[in-house]
Amino acid sequence: MDINRVLMEYDNMFGINSLEEIENYLTKKLEEAYMEPDYFSAITLLNELMGFCRDTSQKDKGVRYCKQVMDLMGDMSLEGTYEYATTLLNVANAYRAFGYFEQSMELYKKVEEIYKEKLPSGEFNYASLYNNWSLLYQEIEDYKGAKEMLEKALFVVDSHPSAKMEQATTRTNLAVTLLRLYQLETAGIIAPSYEENELIQGSLDYDYLYNKAINHLKKALSIYESDGGRDFHYSGALSAMGDALYIKKDYEYAIEFYKKAMEEIERHVGQTEAYKRVEENYNRAKKMLAKAIQDSNLYENLDSQYEQPIEKRISDDNPHIFNNNLERCKAFYEKYGRPMIKEKFPEYVSKIAVGLVGEGSDCFGYDDDISKDHDYGVGFCMWLKEKDYQGIGVSLHQEYEKLVLEHGKEFYESFDVGETMGEKTHIYLDSRRGVFTVKGFYGKLLGDEFVKSLNIDNKKDSKELAFPDELWAKIPEESFATATNGEVFRDDEGTFSVIRKALLAYYPKKTWYVKLAQALHTFSQNGQYNYSRMMARRDYVTAGICVAQAVKGAMEVVYLLNQTYAPYYKWMWKGMERLDKMKAIVPLLEDISLCGNQRRTWEDETYNPYKPNMSDKIVAGFEAVATLILGVLNEEKIIRGNDTFLDVYCKEIAGKGMKVLSKKELVEQIVKHEWQQFDKVKNEGGRADCQDDFNTFSIMRRSQYNAWPEELLESYLGDLFNAEEKGWNLIMEKYARMMESTAPDRYEELKKDLPVRSLERIAIQEEIIKLQVEWMEDFAKEYPKMAGNARSIHTSEDNPYNTSYETYLRGELGTYSEKTLLMYGRFIVELKKNGENLAYNIMSNTARLYGYESLEEAERKI
């Protein structure tokens, strides 16, 4: 029996045939399977019939099919297999739906036993098991059991970085369960369940459950919204957040979430029963809000008022509301600073770089009400070259101080500035705000030795700056974070930004590998090794230190993998919310930090370095963190391994740092391997003259590759290595692909041997080619002599003796691996965004390699 075809026909019947016809189709196919006999297809069909009966509430038939499939698998000696567990899970779900809760519970336990025997821990199947098991606990109103199962499911889905929607859905379900527990426990209906960290000065902190639910919902909503709200389950998270806010009598915000949930449900499936249930909650919240403000006329305008976002309503009411001090300082500059500079120093307007960068939580955008107790005030930074500072530095600073003292208080709307904007704080801020030389500012943050290593005068391209490797490793990471935070409001000459861009390009690969190895070692040694040793010794103080060090080490790893400088330790956690990669690690680290002392789990435990004490929630948490990190390290091909004890990879990773090639070395290696492949190309009319001219070949290829970023060079060098390992010649492939235009008949003979490129890939290539041809056309208009010495531009100009720039590019892009092509595409897009022209960059390199000082000189002298 072709079971896949049967299942396809079965799926296509829905919406066309009646339920009776669909059921008859399945039962007929089941009879055929038994007759053939094809018992594996029979098992599949019985599983489908169980689900059909569950969905159509046919209890007796459904139970009969459940028994039939278990008997059949027993007869086939499949008990205890993974396939048996999969079927048992379906039977357990059916029993749950039919109200056979005890039988369902036993089957879920049996499935877990088989999974533990047959599957590695963390396999995604566990998530499905625990999510379904939690539904059984909810059916029998055992919300503590449901909470336990959903936490297990969350542990699994969080270890799979790509399972974003599953992470969001599981968080929503867990939040709903926590809210129900919160209601039952605060009402005294069930006895509270708590951990030591839920006790505050001897009394139970009931809000612990509520706050945890809110955190899960926030994270779920963030995941759904980052996906554009496309997933139907987004509405469930919105509705749950509405319920959470309603519980706390925050009716105003609850209404907004209910309204948004209704919109999402209607958008996906129309005004269903689910829509009506949320609508009931929405109307109930409106009534409760109206009752709370019955003396006002707000209720009459609820529907229209809540069309606007909260942020807009606040802004309309008070134009001086700012999200943080960085926004406040920028507004202060725009209103008073920019006019002052234009009026008092008109000839220096384009020479003064302005922004807010450097020390202080407000430069990171992390400031809150607590930040306002010290070194907090409105202001901005101005950066000058040395000679300009000598001319106007003192007078510019005096004018700046007048602005701060006369107008600073206008920009503080919600707290008593008192001394905050007074003389004492102004003196402290004087070292952080005001007028600086570019070198002096960076020197203060990164050290004079670092600044002295640069020759920044007249450098406008950050790529021209080269920082010594030893200084990258020597300077604390938080110093780089401080030097690159905040925002540059204006920098016409780019004097300040040229260093900033070079720093934001991040660590050299050598330094990065070493720092990653160090961070992994810190995490693993403290969290996976020493913590357990200290707990076994009852040394709880040192164990606490291990936890803190391991959490910090894990955060350092996350920052490094996101290629973002980690700020000073007290802001590392805050900054994690802005990182794109490894968001799943955040709740794990938070749970570890909230666990409290786990000494009870060690009372009867004998320390075993090879068997972690997983009853200790901190140990289990660190193992989950390690699993996530390991997944990313493998995914990004930094290592290959399955051992979750991360310290074993540190030596290998640090060693990679020692083997990293500089950009110059990468270019030399590429040119070397391309020349070797070019030398082996068999020309139709015999060996070409250019195959014996290494000097010209080297200049042309180096001109191109010197314009590429290092990561793109690394990827393409990998392409060359992979081709050589397979005995394939990429240069020969390039020339063969060019023949599609220059020698079409010969190409028809060769193309069967060339790697096939998808239509989607070809479309990407053509978009890139179109842009690069436009760049070359622009270059030719400005530098006609240089362009005249290069290839003709357009494919329409091709003939057997002339290959155009466009055709050459098409052939070359066709040889790139998928990874290299995508990286090259991103590189081209970034150049376009920055207003750069790759043709200009490459030809500038060519001019310099031929001994000219600049492209302009070459154009004049040719």
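Residues numbered from 1 in each chain as written. Predicted model: local features only at pLDDT ≥ 70, side-chain atom pairs only at ≥ 80, totals over all residues. Heavy atoms only, no water.

**So, the overall build of the protein chain**
Helix and strand content of the protein chain: 41 helices and six strands. Counting only residues that meet the buried cut, the protein chain has 47% of its 862 residues in that class. Expressed as a percentage of contacts within the protein chain between residues at least 6 apart in sequence, the contacts between residues at least 24 apart total 66%. Counting only carbon and sulfur atoms, one obtains 49% of the accessible surface of the protein chain, whose full area is about 44,200 Å². (Helix = DSSP H or I, 4+ residues; strand = E, 2+ residues; numbered from the N terminus. Buried < 20%, exposed > 50% of the residue type's maximum accessible area, 1.4 Å probe, protein only. Contact = heavy atoms within 4.5 Å. Areas by Shrake-Rupley, 256 points an atom, 1.4 Å probe, with all protein chains shown as cover.)

**A closer look at the nonpolar core**
Ranked by internal contacts, the top residues of the largest apolar core, which has 110 residues, are Leu503, Leu516 and Ile585. Per element, the largest residue contribution to this core is twelve residues, and it comes from helix 26 (residues 540-561). Beyond its immediate chain neighbours, meaning those up to four positions away, Leu516 contacts Val557, Leu560, Leu561, Leu633, Ile638 and Ile653. The next biggest cluster of nonpolar side chains, apart from the first, holds 94 residues, and it includes Phe98, Ile114, Leu179 and Leu184. (Core = buried A, V, L, I, M, F, W, Y, C linked by side-chain atoms within 4.5 Å.)

**Regarding the side chain of Ser524**
Note on placement: Ser524 falls in helix 25 (residues 509-536). Among the polar contacts made by the side chain of Ser524, one reaches the side chain of Gln528 at a distance of 2.8 Å. Excluding anything up to four places from it in sequence, Ser524 contacts Tyr529, Phe645, Leu646 and Asp647. (Polar contact = N/O pair within 3.5 Å; in protein donor to acceptor, adjacent residues only side chain to side chain.)

**Quick notes on a negative patch on the surface**
Together, Glu774, Asp778, Glu782 and Glu856 make up a region of like negative charge exposed at the surface. Per element, the largest residue contribution to the negative patch is three residues, and it comes from helix 36 (residues 759-782). Mapped onto the fold, Asp778 is located in helix 36. (Patch = residues over 30% accessible without salt bridge, like charges linked within 9 Å, V, L, I, M, F, W, Y side chains within 5 Å. Salt bridge = Lys/Arg side-chain N within 4 Å of Asp/Glu carboxyl O. Lys, Arg positive; Asp, Glu negative; His and termini not counted. Charge placed at Lys NZ, Arg CZ, Asp CG, Glu CD.)

**Here we look at the packing of aromatic side chains**
Throughout the structure, instances matching the rule amount to 49 aromatic pairs. Relative to Tyr234, the ring of Tyr224 lies with its centre 5.9 Å away and its plane at 50 degrees, an arrangement referred to as tilted. In this pair, Tyr224 is assigned in helix 10 (residues 207-226) and Tyr234 in helix 11 (residues 234-247), connecting sequence segments ten residues apart. For Tyr224, a relative accessible area of 1% puts it in the buried group. Here the aromatic rings of Tyr705 and Trp708 are separated by 4.9 Å at their centres, their planes lie at 85 degrees, and the arrangement is edge-to-face. Trp708 gets classed as buried once you look at its relative accessible area, which sits at 1%. Taken together, the aromatic side chains of Tyr82, Tyr108, Tyr115, Tyr126, Tyr130, Trp133 and Tyr137 make up a single cluster linked through ring pairs. (Phe/Tyr/Trp six-rings, centres within 6.5 Å; stacked < 30°, edge-to-face > 60°.)

**Notes on the environment of Arg791**
Residue placement: Arg791 occurs in the loop between helix 37 (784-788) and helix 38 (805-813). Accessibility expressed as a relative area gives 38% for Arg791, which makes it partly exposed. For the pair formed by Arg791 and Glu806, sequence separation is 15 residues and the distance between their alpha carbons is 9.1 Å. Residues within four places of Arg791 in sequence aside, it is in contact with Thr803, Ser804, Tyr805 and Tyr808.

**Focus: the packing of helix 26 against helix 27 (residues 569-576)**
Running from N to C, helix 26 and helix 27 cross one another at 55 degrees; their axes reach a closest spacing of 11 Å. Regarding the angle of helix 26 to helix 27, the classification is oblique. For the element pair helix 26 and helix 27, the recorded crossing hand is left-handed. On helix 27, the residues that touch Lys552, Met555, Glu556, Val558 and Tyr559 of helix 26 are Tyr569, Trp571, Met572, Trp573, Gly575 and Met576. (Axes fitted to C-alpha atoms, helices over the stretch in contact; angles between N-to-C directions. Parallel < 35°, antiparallel > 145°, perpendicular 65-115°, else oblique. Left-handed = near helix turned anticlockwise from the far one by under 90°.)

**Focus: the environment of Lys164**
Locating Lys164 in the fold gives a position in helix 9 (residues 164-186). Each C-alpha atom of the pair Lys164 and Ile223 lies 6.7 Å from the other, and the pair is 59 residues apart in sequence.

**Considering the packing of helix 36 against helix 38**
Running from amino to carboxyl end, helix 36 crosses helix 38 at an angle of 145 degrees, the nearest separation of the two axes being 10 Å. Note that helix 36 runs across helix 38; the crossing there is right-handed. Where helix 36 abuts helix 38, its residues Arg761, Gln765, Glu766, Ile768, Ile769, Gln772, Val773 and Met776 lie against Tyr805, Glu806, Leu809, Arg810 and Leu813.

**Details of the pairing of strand 3 (residues 353-356)**
Consecutive side chains along a regular strand alternate between the two faces of the sheet. Here strand 3 shows two buried faces, one formed by Ala353 and Gly355 and the other by Val354 and Leu356. Both strand 3 and strand 4 (residues 381-384) contribute to a ladder of three bridges, which runs antiparallel. Of the residues in strand 4, the one forming a bridge with Gly355 is Cys381. Relative to strand 6 (residues 487-490), strand 3 runs antiparallel, the two sharing three bridges. Looking across to strand 6, one finds that Gly355 is bridged to Val488. (Pairing = 2+ DSSP bridges.)

**Overview of the sheet that holds strand 6**
What the four strands build is an open sheet, ordered 5-4-3-6; its pairing is mixed. A single partner strand is all that each edge strand has here, and the edge strands are strand 5 (434-437) and strand 6. Along the sheet, successive strands turn relative to each other by an average axial angle of 30 degrees, direction set aside. Where strand 4 and strand 5 come together, four bridges link them in parallel fashion. Within strand 5, the residue paired with Met382 across the bridge is Val435. Running over the sheet, helix 18 (residues 386-407) touches strand 4 and strand 5 and is turned about 170 degrees from strand 5.

**What about the pattern of salt bridges?**
According to the stated counting rule, one finds 39 salt bridges in the structure shown. The salt bridge involving Asp158 is made with Arg171; its shortest N-O contact spans 2.9 Å. Taken together, the positions of Asp158 in helix 8 (residues 143-158) and Arg171 in helix 9 put the pair 13 residues apart, joining distant regions of the chain. Residue classification places Asp158 among the buried residues on the basis of a relative accessible area of 1%. Two residues, Lys509 and Glu714, come together in a salt bridge whose shortest N-O distance is 2.9 Å. Of the two residues, Lys509 sits in helix 25 while Glu714 sits in helix 33 (residues 710-725), which places them 205 residues apart along the sequence. Residue classification places Lys509 among the partly exposed positions, given a relative accessible area of 24%. Residue class for Glu714 comes out partly exposed when judged on its relative accessible area of 27%. One connected set of salt bridges, linked through shared partners, spans Glu112, Lys116, Glu148 and Lys152.

**Some thoughts on the state of the cysteines**
Counting across every chain of the model gives zero disulfides. The structure places no disulfide on Cys66, whose sulfur is separated from the nearest cysteine sulfur, that of Cys53, by 8.5 Å. (Disulfide = S-S within 2.5 Å.)

**Focus: the confidence of the model for the protein chain**
Here the protein chain averages 85 in pLDDT, while 90% of its residues score no lower than 70. Across residues 413-428, confidence stays below pLDDT 50; counting only partners more than four residues off in sequence or on other chains, it has 27 contacts. (pLDDT = per-residue confidence, 0-100.)

**A look at unusual backbone geometry**
Omega for the peptide link from Glu36 to Pro37 comes to -10 degrees, which places this bond in the cis form. Considering the arrangement of structural elements, one finds Pro37 in the loop between helix 2 (19-35) and helix 3 (39-55). Of note in this structure, Tyr506 is not a glycine but carries a positive phi near 80 degrees. Take Tyr506: it is sitting in the loop between helix 24 (497-504) and helix 25. For Lys637, which is not glycine, the phi dihedral falls at a positive 60 degrees. Structurally, Lys637 is set in the loop between helix 29 (617-635) and helix 30 (650-659).

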